[in-house]
Amino acid sequence: MAELSLRKVTKQFGAVTALSDIDLEIAHREFVVIVGPSGCGKSTLLRVIAGLEQLTTGEIYVGGEAVHRTPAAKRGLAMVFQNYALYPHKTVAQNMGFALRMAKTPKSEIDSRVNQAARILQIEDLLERKPRQLSGGQRQRVAIGRAIVREPKVFLFDEPLSNLDAALRVDMRVELAKLHNTLNATMIYVTHDQTEAMTMADKIVILRSGKMEQVGSPMELYHRPANAFVGSFIGSPRMNILPTSVTAVADHTVTVELPGGEPLPVPIGAATVQAGDRASLGMRPEHLTVGADGPGPTIAMKVYVTEPLGGETILYGHVGDDQTLVVKVPGELPVATGERVPVHINPASCHLFDDNDIALPRQT
Ligand SMILES: Nc1ncnc2c1ncn2[C@@H]1O[C@H](COP(=O)(O)OP(=O)(O)OP(=O)(O)O)[C@@H](O)[C@H]1O
Ligand SMILES: [Mg+2]
């Protein structure tokens, strides 16, 4: 049985449809990451699950029980907010124990749960401090500690790391993954950072304008994006998506035109397009290579920016009729601005999207 089920969840704010017909099953101990651009409904989805917003239509079940009419405090869920929302005049220990005190939990029980959570989060020596005496990362851990002491069935995190600097974000990301293993808890985590989604999730939910675009494991979404939006959302740098047209369709091959006019025969599972149709060609920067070697054609790219990152180099250039292409190559590749380099395209790593941006099935 799913720990959490959403059935046809819809939320309207006046004329704005923030969530539209969301169906989602989340298993016990699963780590689910909800991603999507700003305003797509991520926070609203968490708040509806938590009971901080009433849904307009639909149903929510926790452990098989309908909770969509249950008040937030009785749903057995704990939410960690982006801004931490700590009480400034209470100590760390008082902040962490507050919900238990409100629920009239005996003091000895509160102390033992607070101490245990502090041990897990390694903030035992901070328990008597006030929030203003803490760093951002420490406050973050207190906010998580406050959720842990409630022993919730499901943790809900709304962009908890977005206020932290890049290095601390990476550390906290690893800490949260460890915590997930230690607590064996179900976690739903909202972010707009695709790297966090890829590295932390068992399952990613991609939202756009209140609708679910695709649900799957990080690798499913990376290798088999359902549409061009998911293709360009997952992966960094983004997938190159070039407008093209279909020149020929054969059994398990759709041939499209490359910038410059050369044909590219792409292997696919089933053809859902015809010669003459418009399409989009998706190519991940890390799947393109500089050089003419290998199966498939080579096109000339005029480089306008290079980003040497040490371990890899990212090239930005123009191909064909001034279309932008981004290529990521391992190691250092000294290329001058304005230089032309040959970019090799392996058709087996290409994605095709039809005129409605829906992916053509890839070969298995
Ligand atoms: N209380 C509200 N009243 C009216 N509209 C709202 C309310 N809360 C959210 N919205 C609208 O609902 C949509 C979804 O908002 P939501 O906060 O869920 O987005 P989000 O995905 O969390 O975005 P962000 O990444 O910027 O936090 C937006 O169009 C927003 O303007
Ligand atoms: Mg939000």
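Because the structure is predicted, anything quoted here is derived from the model rather than measured.

## Looking at the overall build of the chain
Tallying secondary structure elements over the chain gives eight helices and 20 strands in all. Considered along the principal axes of its C-alpha atoms, the chain spans approximately 75 × 45 × 35 Å. Put simply, the chain has 364 residues, and 48% of those count as buried. By sequence separation, contacts in the chain at least 24 residues apart represent 66% of the contacts at least 6 residues apart. Accessible surface, the chain as shown: approximately 17,100 Å² in total, 49% of it carbon and sulfur.

## Some details on the sheet that holds strand β7 (residues 154-158)
If you trace the six strands from one edge of the open sheet to the other, you get β6-β7-β8-β3-β9-β10, paired in mixed fashion. At either margin of the open sheet sits one strand with a lone partner, and together these are β6 (77-80) and β10 (211-216). Going from strand to strand, the sheet's axes swing by 15° on average, the running direction of each strand aside. Judged from the five bridges that link them, β7 and strand β8 (residues 186-191) form a sheet pairing that is parallel. Bridged to aspartate 158 within β8 is valine 190. This element, helix α5 (residues 166-183), spans β3 (31-35), β7 and β8 of the sheet and lies at about 160° to β8.

## Remarks on the layout of surface pockets
Roughly 450 Å³ of volume is contained in the largest pocket. Secondary-structure elements contributing two or more residues to the lining of the largest pocket are β6, α2 (92-102) and α4 (136-148). A total of four residues in the lining of the largest pocket trace back to one element, the largest contributor, which is α2. Residues that form the lining of the largest pocket fall into these classes: 15 nonpolar, one polar and two charged. Here the second largest pocket defines a volume of roughly 230 Å³. The greatest single-element share of the lining of the second largest pocket, amounting to four residues, is contributed by helix α3 (residues 107-121). Its residues placed into classes, the lining of the second largest pocket shows eight nonpolar, four polar and four charged.

## Regarding the environment of leucine 46
Along the polypeptide, leucine 46 turns up in helix α1 (residues 42-50). Between the C-alpha atoms of leucine 46 and glycine 310, which are 264 residues apart in sequence, the distance is 39 Å. Discounting chain neighbours no more than four positions away, the residues touching leucine 46 are Met79, Leu156, Phe157, Asp158, Ile188 and Val190.

## Structural notes on the nonpolar core
Counting residues in each nonpolar core, the largest one holds 48 residues, and the members touching the most others are Met96, Ile144, Ile204 and Ile206. Methionine 96 has contacts with Val114, Ala117, Ala118, Ile123, Leu127, Val142, Gly145, Arg146 and Val149, leaving out every residue within four places of it along the chain. Within the second largest apolar cluster, 28 residues are counted, among which are Leu242, Ile268, Val335 and Leu360.

## Thoughts on the domain arrangement of the chain
When cut into domains, the chain gives domain 1 (4-227) and domain 2 (237-353). Between domain 1 and domain 2, the C-alpha centre-to-centre distance is 39 Å. Listed per partner, the contact involves five residues of domain 1 and six residues of domain 2. Summing both partners gives a buried area of about 380 Å² for domain 1 against domain 2, and 55% of it is carried by carbon and sulfur. Applying the counting rule to domain 1 against domain 2 returns zero salt bridges. At the boundary of domain 1 and domain 2, one finds three residue pairs in polar contact (both at pLDDT 80 or more). For the side of domain 1 that touches domain 2, the class distribution of residues is three nonpolar, two polar and no charged.

## A short note on the side chain of serine 349
Examined against the element boundaries, serine 349 turns out to sit in the loop between β19 (340-344) and β20 (351-353). In terms of polar contacts, serine 349 uses its side chain to reach the backbone carbonyl oxygen of asparagine 346, at 3.0 Å. Residues in contact with serine 349, not counting those within four places in the same chain, are Gly282, His287 and Arg362.

## Remarks on the packing of aromatic side chains
Tallied over the full model, the rule gives five aromatic pairs. Ring centres of phenylalanine 157 and tyrosine 189 lie 5.9 Å apart, and the angle between their planes is 50°; this geometry places the pair in the tilted category. Highlighted residues: phenylalanine 157 in strand β7 and tyrosine 189 in strand β8, separated in sequence by 32 residues. You'll find phenylalanine 157 and tyrosine 189 in the same group, each marked buried. Taken together, the aromatic side chains of Phe31, Phe155, Phe157 and Tyr189 make up a single cluster linked through ring pairs. The ring of tyrosine 87 is capped by lysine 90, whose NZ or CZ atom sits 5.6 Å from the centre of that ring. Stacked on the ring of tyrosine 222, the Lys or Arg arginine 284 has its end atom at 4.2 Å from the ring centre.

## Here we look at the pairing of β7
In terms of burial, β7 is largely enclosed, as five of its five residues are buried. Neither face of β7 is exposed, since Val154, Leu156 and Asp158 on one face and Phe155 and Phe157 on the opposite face are all buried. As defined by bridge partners, β6 adjoins β7 across four bridges and the pair is classed as parallel. Following the sheet pairing, methionine 79 is matched in β7 by leucine 156. Following the backbone out of β7, through α5 and into the adjacent parallel β8, one traces a crossover that is right-handed.

Conventions used here
- Residues numbered from 1 in each chain as written.
- Chains lettered and ligands numbered in written order.
- Predicted model: local features only at pLDDT ≥ 70, side-chain atom pairs only at ≥ 80, totals over all residues.
- Heavy atoms only, no water.
- Helix = DSSP H or I, 4+ residues; strand = E, 2+ residues; numbered from the N terminus.
- Buried < 20%, exposed > 50% of the residue type's maximum accessible area, 1.4 Å probe, protein only.
- Contact = heavy atoms within 4.5 Å.
- Areas by Shrake-Rupley, 256 points an atom, 1.4 Å probe, with all protein chains shown as cover.
- Pairing = 2+ DSSP bridges.
- Axes fitted to C-alpha atoms, helices over the stretch in contact; angles between N-to-C directions.
- 1 Å grid on protein atoms, 1.4 Å probe; cavity = no way out; pocket = protein on both sides within 12 Å on 5 of 7 lines; lining within 4 Å.
- Points joined across faces, edges and corners; volume = space filled by probe spheres on them.
- Nonpolar A, V, L, I, M, F, W, Y, C, P; charged D, E, K, R; others polar.
- Core = buried A, V, L, I, M, F, W, Y, C linked by side-chain atoms within 4.5 Å.
- Domains from an automatic or database assignment.
- Buried area = accessible area lost by both parts, 1.4 Å probe.
- Salt bridge = Lys/Arg side-chain N within 4 Å of Asp/Glu carboxyl O.
- Polar contact = N/O pair within 3.5 Å; in protein donor to acceptor, adjacent residues only side chain to side chain.
- Phe/Tyr/Trp six-rings, centres within 6.5 Å; stacked < 30°, edge-to-face > 60°.
- Lys NZ or Arg CZ within 6 Å of the ring centre and 35° of its normal.
- Right-handed = clockwise from strand over helix to strand, strands pointing away.

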